[in-house]
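Residues per chain are reported as follows:
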Amino acid sequence: MSLEIVSQNKSFGGWHKQYTHHSEVLNCDMRFAVFLPPQASTENPVPVLYWLSGLTCTDENFMQKAGAHRVAAELGVAIVAPDTGPRGDDVADEADQYDMGKGAGFYLNATQAPWSKHYHMYDYVVEELPALIEETFPVTQQRAIAGHSMGGHGALVIALRNPERYSSVSAFSPITNPVNCPWGQKAFAAYLGDDRELWRTYDASELMGQAKDKLPALVDQGLADNFLQEQLKPEMLEAAASRSSFPLQLRQHEGYDHSYYFIASFIEDHLRFHQQHF
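Here goes a summary of the coordinates provided.

1. Looking at the pattern of salt bridges
Under the counting rule described, the total for this entry stands at 12 salt bridges. Here Glu268 ties to Arg70 by a salt bridge, and the two come within 3.1 Å at their closest N and O atoms. One end of the pair, Glu268, is in helix α10 (residues 260-277); the other, Arg70, is in helix α2 (residues 69-75), and 198 residues separate them in sequence. Look at Glu268 and you get partly exposed, because its relative accessible area is 28%. Asp99 is the partner of Lys186 in a salt bridge, and the nearest nitrogen-oxygen pair spans 2.8 Å. Linking Lys186 in helix α5 (residues 182-192) with Asp99 in the loop between β5 (78-82) and α3 (121-136), this pair joins segments that are 87 residues apart in sequence. Ionic contacts of the salt-bridge type, sharing partners, join the residues Arg70, Glu74, Glu268 and Arg272 into one network.

2. Section: the state of the cysteines
Tallied over the full model, the rule gives zero disulfides. Here Cys28 is not disulfide-linked; the sulfur of Cys57 is the nearest cysteine sulfur, at 18 Å. With relative accessibility at 5%, the residue Cys28 sits in the buried group. Of all cysteine sulfurs, the one in Cys181 lies closest to Cys57, which takes part in no disulfide; the gap is 17 Å. Residue classification places Cys57 among the buried residues on the basis of a relative accessible area of 8%.

3. Focus: α5
Looking at α5, one finds that the buried residues are Trp183, Gly184, Ala187, Phe188, Tyr191 and Leu192. All buried residues of α5 project into a common sector of 105° when viewed along the axis, lining one side. Turning to α5, the residues buried within the fold contact α4 (150-161), α6 (196-200) and α8 (228-232). Of the residues trailing α5, Gly193 is marked for its positive phi of about 80°.

4. Looking at the nonpolar core
Membership of the largest hydrophobic core comes to 70 residues, with the highest contact counts inside it found for Phe32, Phe106, Ile145, Phe188, Tyr191, Phe246 and Leu248. It is α3 that contributes the most residues to this core, eight residues altogether. In contact with Phe246, other than residues within four places in its own chain, are Leu160, Met208, Ala211, Asp213, Lys214, Leu215, Ala217 and Ala241. Core analysis: the second largest hydrophobic core is formed by 24 residues, Trp51, Met63, Phe262 and Phe266 among them.

5. Some words on the sheet that holds strand β6 (residues 139-148)
Within the open sheet, the nine strands sit side by side as β1-β2-β3-β5-β4-β6-β7-β8-β9. Their pairing is mixed. The open sheet is flanked by β1 (3-11) and β9 (248-253), the only strands paired with a single partner. With direction set aside, neighbouring strand axes in the sheet form an average angle of 20°. Across the sheet, α4 is in contact with β4 (46-52), β6, β7 (169-172) and β8 (217-222); its angle to β6 comes to roughly 135°. Packing of helix α9 (residues 234-244) onto the sheet brings it into contact with β8 and β9, and relative to β9 it is tilted by some 155°.

Calculation rules
Position numbers for residues count from 1 along each chain, tracking the sequence in the order it is written. Local features are withheld for residues below a pLDDT of 70 in this predicted model, meaning they are given only at 70 or higher, and side-chain atom pairs are given and counted only at 80 or more; totals for whole chains, interfaces and linings count all residues. Values shown for side chains rest on all heavy atoms present in the structure; no hydrogens or waters enter the calculation. Whenever Lys or Arg places a side-chain nitrogen within 4 Å of a carboxyl oxygen from Asp or Glu, that contact is recorded as a salt bridge. For helices the rule is a DSSP run of H or I covering at least 4 residues; for strands it is a run of E covering at least 2, with both sets numbered from the N terminus onward. Relative accessibility under 20% of the residue-type maximum defines a buried residue, over 50% an exposed one, and the middle range a partly exposed one, all with a 1.4 Å probe and only protein chains included. The criterion for a disulfide is a pair of cysteine sulfur atoms lying within 2.5 Å. Arc, as used here, means the arc of the directions from the helix axis to the C-beta atoms. Any two residues whose heavy atoms approach within 4.5 Å at even a single point are treated as in contact. By nonpolar core we mean a set of buried residues, namely Ala, Val, Leu, Ile, Met, Phe, Trp, Tyr and Cys, connected to one another through side-chain atoms within 4.5 Å. Two strands pair if DSSP finds at least two bridges between them. Every axis corresponds to a line fitted to the C-alpha atoms, with the helix fit spanning only the stretch in contact, and the corresponding angles, defined between N-to-C directions, vary from 0 to 180 degrees.

Right, dumping it as C-alpha cells:
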C-alpha cells in the first residue's frame, strides 16, 4: 500500500507528518497524521497512541491544537490521528448536516445503503490503519487508543471490543451511551438501520457494563460542556463500570467546556496514563 506525503514539520525533536493512501476497506483515499518522537528508529521502535477526533474534525485538529507533541517526545510515544470519516466526491454525504456523512463516520461499519459502500471506520481503525503504520514506521505493536466526543465514543468502543489489542484507553467528553442520545440515534439509524441489538455493539456503556476482559480507562469530562446532559451522559458510563467492576477513572472538571482548550489542559495526564501501561 503506497503512501504519499502531504506535509512534514519538525516538532520537539521529532516529526509531524501527513500522508494520504488508498484505503481498501473505505474504498477511497484517506489522510492521516503521525507524530514520530525523536527516539523512534528501526533500532528503537516506539509504542503508538491512536487518537480519534470528533464531529467535523480532520486529522489536523488534534495535532495542531492539543499541544501533545512535547510530552509525546519526552515519553517516546508516537501518535497517529486518522480522519473522522471517508472522503471523496463519490462518498455519500449529508452536506447540510454536521452530524452525518463526511466528518461523522462514528467509527462503525455501516450496513445500510448508501453508507455501507464507504463507511467502515471501525475496520479502518482496528485493522487496516495499524497494519499500515506498523509496516511503515519504526513502531511496536504496543497500542493505546484515545479520542474526543464522537472520537471518545470510538476509542471506548474499539478498546472494549478489542481489549487484547490495546494496553489502555482514554477519552475526553465521549458520547458514552449513543443508543440513548440524539447524535447516536440519528447516526445509528442511518448507518445501521433498525436493528437495535446491532446498535448496542457500538455503545460504550452497554459494552462496559458487560465487560469480562478489562483494560485501564481514563475519561475526563468538563462540567460546563454544552453537550453534557443531552448527548454525552457520563453517568451512564460510570454506572456501567460499577456493574462490571471495570477499572474506569472518571474525572469531572468545573468550568471546562467541549473545546480543545479542555483537551490541551489535560492531554499531558492522558499521555502519561498511557505510557504507564505500555
